[in-house]
Structure formats: structure tokens, C-alpha cells
Amino acid sequence: MAPVLEFPINVGRIDDVQELKKARKTEIPNRFVRDMAERPMLAATTPLPLSTSIPVIDLSKLMKGNKEEFHFEILKLSASCEEWGFFQVINHGIDLDLLEKIEKVAMEFFMLPVEEKQKYPMAPGTVQGYGQAFVFSEDQKLDWCNMFALGLVPHSIRNPKLWPTNPPTFSETVESYSKEIRKLCKDLLRFIALSLGVGGNVFEEMFGVSVQAMRMNYYPACPRPDLVLGLSPHSDGSALTVLQQGKGSTVGLQILKNNTWVPIQPVRNALVINIGDTIEVLTNGRYKSSEHRAVTHKEKDRLSIVTFYAPSYEIEIGPMAEMVDENNPSKYRRYNHGEYSRHYVTNKLQGKKTLDFAKISPKNSF
């Protein structure tokens, strides 16, 4: 939720995909139809065997396991961040009732009449409110998704006019949920630091007052899921992203692994964690942010709730000294995190292209 565009942009007509579903039209509006190269090959994206699927980290073994359990889990965490940039975390300590409550209020919000939801509009070029983010032109392809996003911490990034009064428990539930997710992010970053062999509090001390934002995504069923994307391919600009997938939802999240889109099968009561661009830069590429996307389903809707956790906008970011040596020179420049956040939210989602902002260009060779 960094500074946004300061000049007017024309995004054209953006249809509400829930309203399109209600109209029961079989023809998809052209702005949602992807070019051939971007279309999801739904039949070809089969889940990986269990032995090669996204790792599952048991946080309780890191928090209070014995020495052997801790060592095993730290090694697994390191491999997860290095090889996947994603993992699912179980025994995360967040009350399951709270997970159900946030899902309930999110669903209640999306089920409101469209006129009610549009009282909290996401203005063109911004990333808070109800609508579609990352749209910057009238001919840009759109995602088959309705979004509702809010800035949370620090309070200065909040827009009180965008916090709905209906459902009545929305704000209270978001506040409780966000506090628990913030604690989880701090714990995970502590163990990620330990897995790198650096001090456990290095990220906490470096980040200042960490920025936290959330986005609720609603993907209605689509009559032609082979033509559309729920969410365009991208990596996240955050340090960590926490994804809660709606209970009973279809498999929608896919990760690009070895040039193949891999569907992520949800683990019961787990949260999906992914490494953001910020951690890739800080670790000088040892832990990489992964490109991911969302696909839709022909018959079933899908809900997800995403939290983004990142350094303060005032912080300068660059590879940590421990991650750079003669054999592994710095791949990224130092930059202000607020500038990168601005760059990220004012460009359309396009794979890992936004990370070019931070990369050091290779020297010309003759």
C-alpha cells in the first residue's frame, strides 16, 4: 500500500465477475480472454507426487520441539525457501475458530449486493478497496477475480472510508486476525534467519515498523476456465505472504516450478507461505520469490485471504553482507523499499518483471 500514481489513467470498463456469473452468459467478455500463450492448460497441470510436492513445515517443532526435531525442521525450511519459495505451515498457533471467522466475514462481504460493495471502490491506479488492482490501461487483460484490499499497519496507510460497516463484525475480525498473522510472520522470519545462519532477530531489527496489508480474493466459477486467469502470474513484492485458502475451495493456486505450472493441494488447517521479492534481495538470491498465479473452476467458486508483510517504506534494502562473497557477488543494488513498493503497485502483474528494478545489470563483455 505504497504511494500510487499521481496522474489520471483510463482503465476502461471493468465488469464485476460475480455479476457476470449471475447473468449466466456462456460467452466471456474479450477483456478476460487471454492470449493463447497465457491460457491455463488445465488438463496438463496435474498435481506432483507427494514426494515432490510443496513442503509442509510444522511450526510447533520449531517453537518447542526437541533438538533433533528442530534441526530437521530448520533444514526442511531452508530447502523449502531455496528450492520452492513456498511452503505450507501447520500447527501455526492461530485459533482455527479465528480462521473460520475471517473466512465467514470475507464471504459475507462478497455476497453483498454489488451496489453495497461499490461504496468502497478501488480507484484506478490504487490497491485499496473493492475492484481490480494492477489495471493501468483500457486494453489490459483482466483477471477473473473480485478483490477487496486494505492497508493495516502502520495506521498511516489505512483509509478508514474503505472499511465496511457491513458485515457488522468485519473490522473487529480483521483486527484480531491481522494481529495473529503479524505474530506468525515475525516467528517465521526469525526461523528463516536462523536457517540462513544469521541472527534470529535480524529481519525484525532491520524492518522497522513492518508494513502489513491484506487482500481478499473471490474467484467465481467461470464457464470457460480454459480461457481466463483468476490472477495473473507474478511474484510478491513483500518479505512474506500468508495465504489462507477458503475451506472446501477448489485447487486454484499454481506455482511455476521448472517451467511447469504446479497446482498446490491445500493441507487441512494449514496456511500457505511464500517468499517475496524482498527476501530474495536480502539473501542475494539464495531464497527466491516464486512466480505464481490463480486459475478458475467451471462449477465452483473459490475464496482466498492474503496477507502481505514487508519492511517499513523508509528502510533501505540490499543483499545482507553475510550473503555476498567473492564467489557470490551482489546481484541486487541497494534501494529504498518505499520506492520499490511504489514501482510494484504501479505496474501490471507480469511474472517477476518488477524485480528488474532491483537487479544489477551485468557488465557488457567483449
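Heads up: the structure comes first, above all this text.
Keep in mind the model is a prediction, meaning the values are calculated, not measured.

S.K.: Any chance you could explain the overall build of the chain here in plain terms?
M.R.: Helix and strand counts for the chain stand at nine helices and 14 strands. For the chain, whose C-alpha radius of gyration is 20 Å, the value lies close to the compact-globule estimate of 21 Å for 366 residues. Principal-axis analysis of the C-alpha atoms gives the chain an extent of 60 × 55 × 45 Å. In the chain, buried positions account for 55% of the 366 residues. Residue pairs at least 24 apart in sequence account for 78% of intrachain contacts in the chain once pairs closer than 6 positions are excluded. When the accessible surface of the chain is split by element, carbon and sulfur atoms take 53% of a total near 17300 Å². If you average the places of the 44 positive and of the 43 negative side-chain charges in the chain, the two averages end up 3 Å apart.

S.K.: In this structure, what is going on with the pattern of salt bridges? I would like to understand it.
M.R.: Where charged atoms from two side chains of opposite charge approach closely, those side chains can pair. For the structure shown, the criterion picks out 18 salt bridges. A salt bridge links lysine 183 to aspartate 187, with the nearest nitrogen and oxygen atoms 3.3 Å apart. Here lysine 183 pairs with aspartate 187, and both are found in helix 6 (residues 170-196), just four residues apart, close to one helical turn. The exposure class of aspartate 187 is buried, given its relative accessible area of 10%.

S.K.: What exactly am I supposed to notice about unusual backbone geometry here?
M.R.: What is expected of a backbone is that most residues other than glycine have negative phi and most peptide bonds are trans. Valine 153 connects to proline 154 through a cis peptide bond whose omega is -5 degrees. Each neighbour pair has its own omega, and for asparagine 166 with proline 167 the value is 5 degrees, a cis peptide bond. Even without being a glycine, asparagine 269 presents a positive backbone phi close to 65 degrees. Mapping asparagine 269 onto the fold places it in the loop between strand 9 (260-263) and strand 10 (271-275). Owing to a relative accessible area of 30%, asparagine 269 belongs among the partly exposed residues under this scheme. Residues other than glycine seldom take positive phi values, yet asparagine 284 does so here, at roughly 55 degrees. For asparagine 284, a relative accessible area of 1% corresponds to the buried category.

S.K.: Can you walk me through the packing of aromatic side chains in this structure?
M.R.: Here the distance between the centres and the angle between the planes together describe a pair of aromatic rings. Following the criterion strictly, the structure yields 17 aromatic pairs and no others. Site record: aromatic cluster; members linked through ring pairs are Phe109, Phe110, Tyr120, Tyr130, Phe148, Phe170 and Tyr218. Positioned above the aromatic ring of phenylalanine 191, the side-chain terminus of arginine 190 is 4.7 Å from the ring centre. The ring of phenylalanine 357 has arginine 333 sitting right over it, with the charged end atom 4.5 Å from the ring centre.

Basis of the calculations
- Residues numbered from 1 in each chain as written.
- Predicted model: local features only at pLDDT ≥ 70, side-chain atom pairs only at ≥ 80, totals over all residues.
- Heavy atoms only, no water.
- Helix = DSSP H or I, 4+ residues; strand = E, 2+ residues; numbered from the N terminus.
- Rg over C-alpha atoms; globule rule 2.2 N^0.38 Å.
- Buried < 20%, exposed > 50% of the residue type's maximum accessible area, 1.4 Å probe, protein only.
- Contact = heavy atoms within 4.5 Å.
- Areas by Shrake-Rupley, 256 points an atom, 1.4 Å probe, with all protein chains shown as cover.
- Lys, Arg positive; Asp, Glu negative; His and termini not counted.
- Charge placed at Lys NZ, Arg CZ, Asp CG, Glu CD.
- Salt bridge = Lys/Arg side-chain N within 4 Å of Asp/Glu carboxyl O.
- Phe/Tyr/Trp six-rings, centres within 6.5 Å; stacked < 30°, edge-to-face > 60°.
- Lys NZ or Arg CZ within 6 Å of the ring centre and 35° of its normal.

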